[in-house]
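What follows is the residue order along each chain.
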Amino acid sequence: IKSFLSPFSLRAPALLRATNFRSEARTDKNALFAWKIRVLEKAKKIKAPKYKHGIVDLAFMKELIRLSVEKDGPLLAQEYLRKHGIKLIIEPHLPKTHLDGAAIFTEKDNPVIGLTLRHDRLDNFWFTLMHELAHIGRHYSQDIELFFDEKLQEKDGIEISEKEKEADDWAEESILPKTKWE
């Protein structure tokens, strides 16, 4: 196990001050940690240029969302992000997690987005991708290493953090601007 964990942070997720969880109480935090390690293991194998901080904004996200109309849009999105220094990894969620995605900022030169495709629908893929990308655009370099996002809706009276609201707002705006909705 030590050789498996050695390239990665050995701190348990519950002890990470720099982790933002949007999850349910029943979630197994150790399973989230194992999932993160697997995503980072896959990300290490991907060569990408250094990410230029500040490149992800609403215009960038709107450009990316245009790929959603293409038959192979998710694959094109993955390549588009890689060319801009962002690694997109698909890894199924583990039991006792209800994970949709995560933005991971522990790689020195490249933010990583992990998606589970737990809900195997294109609308979920694109919204979750835009949500995690918004975390990169809004929260990269803010002393946060990781965002685990299990829920995309406020439910059961659980309050959503300001950072999660910001990511949701940017995701929604990138997909369907309020001016067009109105």
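Residues numbered from 1 in each chain as written. Predicted model: local features only at pLDDT ≥ 70, side-chain atom pairs only at ≥ 80, totals over all residues. Heavy atoms only, no water.

A. The pairing of strand 4 (residues 112-115), seen in detail. Burial along strand 4 is two-sided: Val112 and Gly114 and Ile113 and Leu115, pointing in opposite directions, are all buried. For strand 2 (residues 87-90) and strand 4, the ladder comprises four bridges, and the chain directions are parallel. Each bridged residue has a counterpart across the sheet, and for Ile90 the counterpart in strand 4 is Leu115. (Buried < 20%, exposed > 50% of the residue type's maximum accessible area, 1.4 Å probe, protein only. Helix = DSSP H or I, 4+ residues; strand = E, 2+ residues; numbered from the N terminus. Pairing = 2+ DSSP bridges.)

B. Broad picture of the packing of helix 5 (residues 122-139) against helix 6 (residues 162-175). Helix 6 packs onto helix 5 with a crossing angle of 120 degrees between their chain directions and a minimal axis gap of 8 Å. Taken together, the axes of helix 5 and helix 6 are oblique relative to one another. In the packing of helix 5 onto helix 6, the handedness of the crossing is right-handed. Between helix 5, through Trp126, Phe127, Met130, His131, Ala134, His135, Gly137, Arg138 and His139, and helix 6, the contact on the second element is made entirely by Lys163, Glu164, Glu166, Ala167, Asp168, Trp170, Ala171, Glu172, Ser174 and Ile175. Looking at the contact of helix 5 with helix 6, its residues break down into eight nonpolar, five polar and six charged. (Axes fitted to C-alpha atoms, helices over the stretch in contact; angles between N-to-C directions. Parallel < 35°, antiparallel > 145°, perpendicular 65-115°, else oblique. Left-handed = near helix turned anticlockwise from the far one by under 90°. Contact = heavy atoms within 4.5 Å. Nonpolar A, V, L, I, M, F, W, Y, C, P; charged D, E, K, R; others polar.)

C. Inspection of the pairing of strand 3 (residues 101-104) at higher detail. A two-sided burial pattern is seen for strand 3, the buried positions comprising Gly101 and Ala103 on one face and Ala102 and Ile104 on the other. Relative to strand 4, strand 3 runs antiparallel, the two sharing four bridges. In the sheet register, Gly101 faces strand 4, and the bridge partner there is Leu115.

D. Spotlight on helix 4 (residues 73-83). Restricting attention to buried positions, one finds in helix 4 the residues Gly73, Ala77 and Leu81. Projection of helix 4 onto a plane perpendicular to its axis shows the buried side chains occupying an angular sector of 70 degrees, all on one side. Summarising the geometry of helix 4, the exposed residues directed more than 90 degrees from the buried face are Leu75 and Lys83. Contact partners of the buried residues in helix 4: helix 3 (58-65), strand 2 and helix 5. Once helix 4 ends, the next one or two residues include Gly85, with phi positive near 85 degrees. (Arc of directions from axis to C-beta.)

E. Up close: the packing of aromatic side chains. All told, the structure shown has four aromatic pairs when counted by the stated rule. When the centroid spacing of 5.0 Å and the interplanar angle of 75 degrees are considered together, the rings of Tyr51 and Tyr140 count as edge-to-face. Here Tyr140 lies in the loop between helix 5 and strand 5 (146-149) and Tyr51 lies in the loop between helix 2 (29-44) and helix 3, a separation of 89 residues in the sequence. Looking at Tyr140, the relative accessible area reads 13%, which means it is buried. Three or more aromatic residues link up through ring pairs in this structure, and these residues are Tyr51, Phe105 and Tyr140. (Phe/Tyr/Trp six-rings, centres within 6.5 Å; stacked < 30°, edge-to-face > 60°.)

F. Structural context of the nonpolar core. Within the largest apolar cluster, 27 residues are counted, with the highest numbers of intra-cluster contacts made by Leu64, Trp126, Leu129, Met130, Leu133 and Ile136. Looking at this core, the elements that each hand over two or more residues are helix 3, helix 4, strand 4, helix 5 and helix 6. By residue number, the principal contributor to this core is helix 5, which donates eight residues. In contact with Leu64, other than residues within four places in its own chain, are Ala77, Tyr80, Leu81, Trp126, Leu129, Met130 and Leu133. (Core = buried A, V, L, I, M, F, W, Y, C linked by side-chain atoms within 4.5 Å.)

G. Representation of the pattern of salt bridges. Within this structure, the stated rule accounts for ten salt bridges. A salt bridge links Arg66 to Glu63; the shortest N-O distance between them is 3.9 Å. Given a relative accessible area of 40%, Glu63 falls into the partly exposed group. Sharing partners across several salt bridges, the network here consists of Arg38, Glu41, Lys42 and Glu91. (Salt bridge = Lys/Arg side-chain N within 4 Å of Asp/Glu carboxyl O.)

H. Structural detail: the environment of Asn124. In this fold, Asn124 is placed in helix 5. Among the residues examined, Asn124 registers a relative accessible area of 9% and is labelled buried. Spatially, the C-alpha atoms of Asn124 and Asp100 are 8.7 Å apart, while their sequence positions differ by 24 residues.

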